[in-house]
Protein chains: 2
Amino acid sequence: MARKRVTLAQVAAEAEVAVSTASLVLSGRGTDMRISEKAQARVRDAAARLGYRPNAVSVGLRKGSTSTLAFVSDSVASSRLAGEMIKGAIEAARDRGYMVFVGETGGNVTLERQLLDAMVDRQVDGIILASMLTHGRSLPTGLDSTPAVLLNISIDGDPGIPVVVPDELQAGRDAATALVSAGLTDIHLIGAGPGLRDVRTISTAAHLRLQGILEVLSAHGLAPASGRAINQWLPPEGFRAADAILASGTPEAIVCFNDRLAMGVYQAIQSRGLSIPDDVSVVSFDDSSIAAWMRPGLTTVALPHRVMGKRAADLLVDAIEHDRAHPDEPGPTGVHLVPMPLRERDSIRARPGRD
Amino acid sequence: MARKRVTLAQVAAEAEVAVSTASLVLSGRGTDMRISEKAQARVRDAAARLGYRPNAVSVGLRKGSTSTLAFVSDSVASSRLAGEMIKGAIEAARDRGYMVFVGETGGNVTLERQLLDAMVDRQVDGIILASMLTHGRSLPTGLDSTPAVLLNISIDGDPGIPVVVPDELQAGRDAATALVSAGLTDIHLIGAGPGLRDVRTISTAAHLRLQGILEVLSAHGLAPASGRAINQWLPPEGFRAADAILASGTPEAIVCFNDRLAMGVYQAIQSRGLSIPDDVSVVSFDDSSIAAWMRPGLTTVALPHRVMGKRAADLLVDAIEHDRAHPDEPGPTGVHLVPMPLRERDSIRARPGRD
DNA sequence: AGCGCGTGCTAGTTCGTTTTAGCACCGTGA
DNA sequence: TCACGGTGCTAAAACGAACTAGCACGCGCT
């Protein structure tokens, strides 16, 4: 086993030309360099016959670029979401001819440093630094010597490189609009609120979602009927919060700050024999896999992780190519907001008597 | 920006020795090669001062090995599970000094070929070929020239390389035992069964789980009270199947072939005003994230994806090192069953009057 | 004085490719 | 007859590290 790889030298020998000739031909510069059609044909033929494939490591050494990206995140698998991001990035990278190294730091800064170093040692052409937490953090050093993109990380101040984040503000607006345009006015918030400062998580998502919601409500002369700031957005918390609301009457609508909270909210509502959406409407955020499985289907504003990953990889490759073409110019930058689409399912019902 | 990387030559110049001397010292063969302590100190000092890091690409070219693994799967993100596998593999790889390329084929054979080729072109030291479907499939060619491990793939016949799969047979036994030892005898199957041939999916998991269940039941003189083979294991199917069972009486216990089915089953039971586990006990497979969030917590046999990924990476590195040490010997092989632990939560109640 | 030997280091080749500079040949026009 | 220009190719130098073979030097011994 382990048939040795075919090298360019072998192809050249088989075609009876010099190595440099073979290289020229196979890299498409043959005609350009006035290699006769006959010789070119011989080389191509030999390459095909021997099943020649260029050794990417050697090319990487010679050219200094490896057609390789690094994807470093703090958590690959803690959520299905991270997987989607990676998938999006890998697909986009592949379409552009790049392979991707995936690394995971678990939030450990030392590990992040080591990983980044290991990636740079392997001459990656660019780096995607991703987080699952969308919170402000400081940027590791060394990201200025290699093209890089920040994914799902909102940095304080201008990082000087492209940043890809979901448009949480608009998502908040859309969730509130879905309720308001159904004629619902008695709206309760679970996860954050009722005021703009009532946020218990480090996530900036919470702030932005809340801001968007409040913006739309006040534009319609409304305010949240209640709100609970919660730091752990998990089903039991959702259950407790909803139960407390239900104890003092049936609300028209509940906004959950994520689908796990919504799951608990469903349980609380249904365990009281009430119906979603006939008695109370629910809207949420994330569109995690459970959202579609819940009964009735949960209307939720999706986090488009796949698209974000793809976007990041595309921006990174753009940056790499820009760098190659104009090594002195500063390179692309800016915050790229990815729209969060509203997935309308069956958890919102228009208020009878209104349209 | 983009400060050039420090090369060994620069370190050597700074330490006033030859490049070869610097190489020897930094690779630990200094004393071995009788380089004076003084010179060694100068080299190490210079390396530290300049922040020297060896260029992994160059080393890869020279040594032929790149400290890099490939993880190729048919679906990275279709389930949270795949992410866990990758995470396990990446962690184990990192602990052994390897970085990992992740690729995803979407089940497309052409793409798989291309990806595998691209990986081999980059001189990966080994390949993990993973699937999310645990079904028999044919092995791509070329896996014999590079160390490889199959992850979550059961191949027909001996692939000649290590294979890592979950122990579904024992999982089936454990699920059934959990019910039987609680004194439950009226046991209904949702997903497959009641007979050994009543399986509608291409997954071998279904067969093995069923086999394990039937084995334990018959060892106790029991047989399934009913069984429905289903090809799509999703909540609505679970709901329908459970509803049909409930229409003709209240069952003692239901085995769901995965957690999504169980989610539908919960909905069906609870919408009839019945209680889990007081009226009916439920056990399931997978331990997906929803299992812990359901009310009551779902007792389920976990698919240890993280452990499987870790195991695969460890076996692969073992194979690589074996290959390096004994290039002629055949290398490790065999099927490695990873135990599926039973996660006991609150969906099983012992039958009153029994122990 | 000459030989052998241990010590401490280095020159030079290799890995597989890209790329630049330029060689050898031929026909042509002066 | 010779410079000149075009044609078709190749030699050789990178890229950065690893590693083999072996050089120079000084010391002790005969």
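All chains use their own residue numbering, which begins from 1 and follows the written sequence. The lettering of chains begins at A and the numbering of ligands begins at 1, in the order of writing. Reporting in this predicted model follows two pLDDT cut-offs: at least 70 for local features of residues, and 80 or more for side-chain atom pairs to be given and counted; totals over whole chains, interfaces and linings ignore these cut-offs and use all residues. Derived side-chain values reflect all non-hydrogen atoms in the structure, with water molecules and hydrogen atoms excluded from consideration.

### Some details on the environment of Glu168(A)
Residue and element names in this part refer to chain A. One can find Glu168 in helix α7 (residues 168-180). Glu168 gets classed as buried once you look at its relative accessible area, which sits at 3%. Note: C-alpha distance between Glu168 and Asn258 (90 residues apart in sequence) is 12 Å. Whether two residues touch is decided by their heavy atoms; if any such pair falls within 4.5 Å, the residues are in contact. In this view, Glu168 contacts Ala205, Leu208, Arg209, Leu303 and Met340; residues no more than four positions away in its chain are not counted. Here Arg209 takes part through its side chain, which lies 2.7 Å from a polar atom of the side chain of Glu168. By the criteria applied, helices consist of DSSP H or I runs no shorter than four residues and strands consist of E runs no shorter than two, each listed in order from the N terminus. Burial classes: relative accessible area under 20% of the type maximum marks a residue as buried, over 50% as exposed, and values in between as partly exposed (1.4 Å probe, protein chains only). Whenever a nitrogen or oxygen atom comes within 3.5 Å of another N or O atom, the pair is scored as a polar contact, on the condition that within protein one atom can donate a hydrogen and the other can accept it, and that pairs from neighbouring residues in sequence are kept only if both atoms are in side chains.

### Some points on the packing of helix α9 (residues 235-247) of chain A against helix α10 (residues 259-271) of chain A
All names here are of chain A. Here, axes are lines fitted to C-alpha atoms. For helices the fit covers the stretch in contact, and angles between N-to-C directions go from 0 to 180 degrees. At a minimum axis separation of 6 Å, α9 and α10 run at an interaxial angle of 45 degrees. In terms of orientation, α9 lies oblique with respect to α10. Judged by the twist between their axes, the crossing of α9 over α10 is right-handed. Residue-level contacts link Pro235, Glu237, Gly238, Phe239, Ala242, Asp243 and Leu246 of α9 to Arg260, Leu261, Met263, Gly264, Val265, Gln267, Ala268, Ile269 and Ser271 of α10. Comment on the angle field: the value is read as roughly parallel under 35 degrees, roughly antiparallel over 145, roughly perpendicular from 65 to 115, and oblique elsewhere. Working rule for handedness: look at the near helix, and if it is turned counterclockwise from the far one by less than a right angle, call the crossing left-handed; if clockwise, right-handed.

### Things to note about the sheet that holds strand β10 (residues 299-302) of chain B
Strands belonging to one sheet form pairs held by backbone hydrogen bonds; the direction of such a pair is parallel or antiparallel. Residues and elements named next belong to chain B. If DSSP finds at least two bridges between two strands, the strands pair. Spatially, the six strands line up as an open sheet ordered β7-β6-β8-β9-β10-β12, and their pairing is mixed. The sheet is open, and its two borders are formed by β7 (226-229) and β12 (342-343), each paired with just one other strand. The sheet contact formed by strand β9 (residues 281-286) and β10 spans four bridges and is parallel. Directly across from Phe285, in β10, lies its bridge partner Val301. Here helix α10 (residues 259-271) sits on the sheet in contact with β6 (187-191), β8 (253-256), β9 and β10, set at roughly 160 degrees to β9.

### Some details on the protein's contact with DNA strand D
Taken together, the neighbourhood of DNA strand D is formed by 24 residues, with Thr21(A), Ser36(A), Leu8(B), Ser58(B) and Arg62(B) sitting nearest. Within the backbone of Asn55(B), a nitrogen or oxygen atom sits 3.2 Å from a phosphate oxygen of DNA strand D. Ser58(B) is positioned with one of its side-chain polar atoms (N or O) 2.5 Å from a base nitrogen of DNA strand D. For the surface near DNA strand D, the elements supplying multiple residues, two or more each, are α2 (19-26) and α4 (56-63) of chain A together with α2 (19-26) and α4 (56-63) of chain B. If you tally residues by element for the surface near DNA strand D, the top one is α4(B), at three residues. We call a residue near a molecule or strand whenever a single non-hydrogen atom of that residue lies within 4 Å of it.

### Focus: the protein's contact with DNA strand C
Taken together, 26 residues lie around DNA strand C, and Leu8(A), Ser58(A), Arg62(A), Thr21(B) and Ser36(B) are the ones closest in. Protein-proximal atoms of DNA strand C, defined as those within 4 Å of the protein, fall in sugar or phosphate at a share of 53%. Between a base nitrogen of DNA strand C and a side-chain N or O atom of Ser20(B), the distance comes to 3.3 Å. Residue Arg34(B) places a side-chain N or O atom 2.6 Å away from a base nitrogen belonging to DNA strand C. Elements with a contribution of two residues or more to the surface near DNA strand C: α2 and α4 of chain A together with α2 and α4 of chain B. Top contributing element to the surface near DNA strand C by residue count: α4(A), with four residues. Polarity classes work like this: nonpolar for Ala, Val, Leu, Ile, Met, Phe, Trp, Tyr, Cys and Pro, charged for Asp, Glu, Lys and Arg, and polar for all others, with Gly in that last group. Residues belonging to the surface near DNA strand C are distributed by class as follows: 12 nonpolar, eight polar and six charged.

### Regarding the interface of chain B and chain A
Of the residues lining the interface, 52 residues belong to chain B; the matching set on chain A comes to 52 residues. Taking both partners together, chain B and chain A bury about 4700 Å²; carbon and sulfur atoms supply 65% of that area. Think of a salt bridge as a Lys or Arg side-chain nitrogen and an Asp or Glu carboxyl oxygen that are within 4 Å of each other. Summed over the shared surface of chain B and chain A, the result is six salt bridges. Lys87(A) is the partner of Glu104(B) in a salt bridge, and the nearest nitrogen-oxygen pair spans 3.2 Å. At the level of elements, α4, α5 (80-95), β2 (99-104), α6 (109-121), α9 (235-247), α10 and α11 (289-293) of chain B are the ones that each hand at least two residues to the side of chain B that touches chain A. Across the side of chain B that touches chain A, the residue classes tally to 25 nonpolar, 13 polar and 14 charged. Summed over both partners, the accessible area (1.4 Å probe) lost when two parts come together is defined as the buried area.

### Some words on the pattern of salt bridges
If you walk through the whole model with that rule in mind, you get 44 salt bridges over all chains. Here Arg49(B) ties to Asp45(B) by a salt bridge, and the two come within 2.5 Å at their closest N and O atoms. Here the residue Arg49(B) and the residue Asp45(B) both occupy positions in helix α3 (residues 37-50), the gap between them amounting to four residues, near one helical turn. Across the pair Asp117(B) and Arg113(B) runs a salt bridge whose closest N-O atoms are separated by 3.3 Å. Taken together, the residues Asp117(B) and Arg113(B), both in helix α6 and four residues apart, mark about one turn of the helix. Among the residues examined, Asp117(B) registers a relative accessible area of 22% and is labelled partly exposed. Three or more residues joined by partner-sharing salt bridges are found here, namely Arg96(A), Lys310(A), Asp314(A), Asp318(A) and Glu321(A).

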